[in-house]
Amino acid sequence: MGKIICVANQKGGVGKTTTAVNLAACLAEAGKNTLLIDLDPQGNATSGLGVRAGKKTVYEGLLGECPLESTLEKTKQKKLTVAPADIRLAGAELELAGMDRREYRARAALEPLRNQYHFLIIDCPPSLGLLTVNALTAAQSVLIPIQCEYYALEGVTALMNTVQRVKRALNPGLEIEGVLLTMLDGRTNLGLQVVAEVKKHFRQQVFKTTVPRNVRLGEAPSHGLPIHLYDSRSAGAEAYKALAKEIIHNNQA
């Protein structure tokens, strides 16, 4: 059975979608069949892989209007498939609110697909609403990107409280996959102080890999490519390849 990892942080601009896209692509490059599920109404994970959402998207899959499998699109990276999203998903929170077992819709949609993939990566929206709760309920673990800036840990407490509530009430098996430090400028004292602070707070849950501040990472989505296909020798590509190897190693049976 494939492992479902959701990438979540309700604070915007921390590299959440960048991480979901490039981690999924680098897992696929490493030979792992990988499915990226775009659960953000902005649809940036979809467009960042050069995919255009069709008539059937994650929205229809969550509402039960079609099997999620029928929404899947291939990408330019071998072994990487995406379940696309667009702005239609913005209405899902309101529509799901009145449904039975509303927190379990993503889990039910993904369950038939788990045998087909080694990893299923969910890109969550930058909020702690019903879509994120669905992702946390469906997942075996949550990966938390944290930007190396002054207010790095601001808002993380709220996310951890949500994770604990989901674990108690909806998904007892939910674990922390790891905390990923992003946009690190190792030349500054602030960057190094944030690294130390996050490691003190999360201890062994922090990934060894850190993602540097890298212009090429920002350019890649406009070309519809993950970073390793856009510039395989960039610092960003090296970081996400290393993260994929770390996650594969951590999940070996």
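Here is what the cut-offs are and how they apply
- Throughout, residues of each chain are indexed from 1 in the direction in which the sequence is written.
- Where local features are concerned, this predicted model is filtered to residues with pLDDT of at least 70; where side-chain atom pairs are given and counted, the filter is 80 or more; whole-chain, interface and lining totals use all residues.
- Side-chain measures here rest on the full set of heavy atoms in the structure, leaving out hydrogens and waters.
- The numbering of helices and of strands both runs from the N terminus, where a helix is a DSSP run of H or I of at least 4 residues and a strand a run of E of at least 2.
- By definition here, a helix of n residues has an expected span of 1.5 Å times n minus one.
- Only protein chains enter the accessibility calculation, which uses a 1.4 Å probe; a residue whose area is less than 20% of its type maximum is buried, one above 50% is exposed, and one in between is partly exposed.
- Polar contacts, as used here, are pairs of N or O atoms within 3.5 Å; protein pairs need one atom able to donate a hydrogen and one able to accept it. Residues neighboring in sequence count only if both atoms are side-chain atoms.
- Whether two residues are in contact is decided by their heavy atoms: any pair within 4.5 Å suffices.
- Centre distance within 6.5 Å is the pairing criterion for rings of Phe, Tyr and Trp, where only the six-membered ring of Trp is used; planes under 30 degrees apart are then read as stacked, over 60 as edge-to-face, and the remainder as tilted.
- Only when the NZ atom of a Lys or the CZ atom of an Arg is both within 6 Å of the ring centre and within 35 degrees of the ring normal do we say a charge sits over the ring.
- Here a salt bridge means any side-chain nitrogen of Lys or Arg lying within 4 Å of a carboxyl oxygen belonging to Asp or Glu.
- Nonpolar core, defined: a set of buried Ala, Val, Leu, Ile, Met, Phe, Trp, Tyr and Cys residues in which side-chain atoms within 4.5 Å join the residues together.
- Exposure above 30% relative accessible area and the absence of a salt bridge qualify a residue for a patch, where like charges join within 9 Å and nonpolar side chains (Val, Leu, Ile, Met, Phe, Trp, Tyr) within 5 Å.
- Areas reported here follow the Shrake-Rupley algorithm with a probe of radius 1.4 Å; residue values treat only the protein chains shown as occluding.
- By the convention used here, strands pair only if DSSP detects at least 2 bridges between them.
- Every angle, taken between N-to-C directions, lies between 0 and 180 degrees, and every axis is a line fitted to C-alpha atoms, over only the stretch in contact when it is a helix.
- Note on terminology: angles under 35 degrees are roughly parallel, angles over 145 are roughly antiparallel, angles of 65 to 115 are roughly perpendicular, and the others are oblique.
- Each crossing gets its hand from how the near helix is turned against the far one by less than a right angle, where anticlockwise is left-handed and clockwise is right-handed.
- Only Asp, Glu, Lys and Arg are considered charged in this grouping, and only Ala, Val, Leu, Ile, Met, Phe, Trp, Tyr, Cys and Pro are considered nonpolar; every other residue, Gly among them, is considered polar.

A.B. asks: Help me understand helix 1 (residues 16-29) in this model?
C.D. replies: Because an α-helix packs 3.6 residues into every turn, residues spaced three or four apart end up facing the same way. In this model helix 1 runs 20 Å from its N-terminal to its C-terminal C-alpha over 14 residues, within 8% of the 20 Å that 1.5 Å per residue would give. Of all 14 residues in helix 1, 12 are buried; the element is thus mostly enclosed. Listed as buried for helix 1 are K16, T17, T19, A20, V21, N22, L23, A24, A25, C26, L27 and A28.

A.B. asks: Can you walk me through the side chain of D86 in this structure?
C.D. replies: With respect to the helices and strands, the residue D86 is situated in the loop between strand 4 (80-83) and helix 4 (92-97). Within the structure, D86 has its side chain in polar contact with the side chain of R88 (distance 2.8 Å). Not counting chain neighbours up to four residues away, the residues in contact with D86 comprise P41, A53 and T57.

A.B. asks: Even after reading the chapter, I still don't get the packing of aromatic side chains, so can you show me in this structure?
C.D. replies: Aromatic ring pairs are defined here through the distance separating the ring centres and the angle between the ring planes. All told, the structure shown has one aromatic pair when counted by the stated rule. Summarising the aromatic geometry, the rings of Y150 and Y151 are spaced 4.9 Å apart at their centres and angled 80° between planes, so their arrangement reads as edge-to-face. The class for Y150 is exposed, based on a relative accessible area of 61%. It is R101 that lies over the ring of Y104; its NZ or CZ is 4.2 Å from the centre.

A.B. asks: Looking at this structure, I do not really get the pattern of salt bridges. What am I missing?
C.D. replies: Where charged atoms from two side chains of opposite charge come close, those side chains can pair. Enumeration over the complete set of coordinates arrives at 11 salt bridges. Across the pair D40 and K16 runs a salt bridge whose closest N-O atoms are separated by 3.8 Å. One end of the pair, D40, is in the loop between strand 2 (34-38) and helix 2 (44-47); the other, K16, is in helix 1, with 24 residues separating them in the sequence. Comparing D40 with K16 shows no difference in burial state: the two are buried. Note that R114 is salt-bridged to E111, the shortest N-O span being 4.0 Å. The exposure class assigned to R114 is buried, which follows from its relative accessible area of 13%. Take E111: its relative accessible area is 38%, and that puts it in the partly exposed class.

A.B. asks: How should I be thinking about the nonpolar core in this particular structure?
C.D. replies: The nonpolar side chains of a soluble globular protein tend to be buried with one another. I37, L110, I122, I146, V198 and F202 are the most contacted members of the largest nonpolar core, which has 55 residues in total. The greatest single-element share of this core, amounting to six residues, is contributed by helix 6 (residues 130-138).

A.B. asks: Can you walk me through the environment of L62 in this structure?
C.D. replies: With respect to the secondary-structure elements, L62 resides in helix 3 (residues 58-62). Owing to a relative accessible area of 4%, L62 belongs among the buried residues under this scheme. Along the backbone, L62 and A196 are 134 residues apart, and their C-alpha atoms lie at a distance of 40 Å. Residues contacting L62, with those up to four places away along its chain left out, are L39, L89, L96, R105, A106 and L131.

A.B. asks: What is the right way to look at unusual backbone geometry in this model?
C.D. replies: Peptide bonds are mostly trans, and most non-glycine residues show a negative phi. The backbone phi angle of K79 is positive, close to 75°, even though this residue is not glycine. Its place among the elements puts K79 in the loop between strand 3 (73-74) and strand 4. A residue is classified by how much of its surface remains accessible, and K79, at 37% relative accessible area, is partly exposed. Backbone geometry at R203 places phi at a positive 55°, although glycine is not the residue there. In this structure, R203 sits in the loop between helix 8 (189-202) and strand 8 (206-212).

A.B. asks: Whenever I open this one, a nonpolar patch on the surface confuses me. Can you help?
C.D. replies: Residues Y150, Y151 and L190 make up a contiguous nonpolar surface patch of about 360 Å² in total accessible area. With respect to the helices and strands, L190 occurs in helix 8.

A.B. asks: So what exactly am I meant to see when it comes to the sheet that holds strand 2 here?
C.D. replies: Sheet strands associate in pairs through backbone hydrogen bonding, adopting either a parallel or an antiparallel arrangement. In space, the eight strands of this open sheet follow the order 3-4-2-5-1-6-7-8, with mixed pairing throughout. Where the open sheet ends on each side, the last strands, each with one partner, are strand 3 and strand 8. Here strand 1 (residues 3-7) runs beside strand 6 (residues 141-147); their pairing, made up of three bridges, is parallel. Along strand 6, the bridge assignment pairs C6 with V142.

A.B. asks: Would you take a moment to explain the packing of helix 6 against helix 7 (residues 156-169) for this structure?
C.D. replies: Describing two packed helices takes the angle between their axes plus the distance from one axis to the other. Here helix 6 crosses helix 7 at 55°, and the two axes come no closer than 10 Å. In terms of orientation, helix 6 and helix 7 fall into the oblique class. Seen from above, helix 6 lies across helix 7 with right-handed handedness. Residue-level contacts link V133, L136 and T137 of helix 6 to T162, V163 and V166 of helix 7. Looking at the contact of helix 6 with helix 7, its residues break down into four nonpolar, two polar and no charged.

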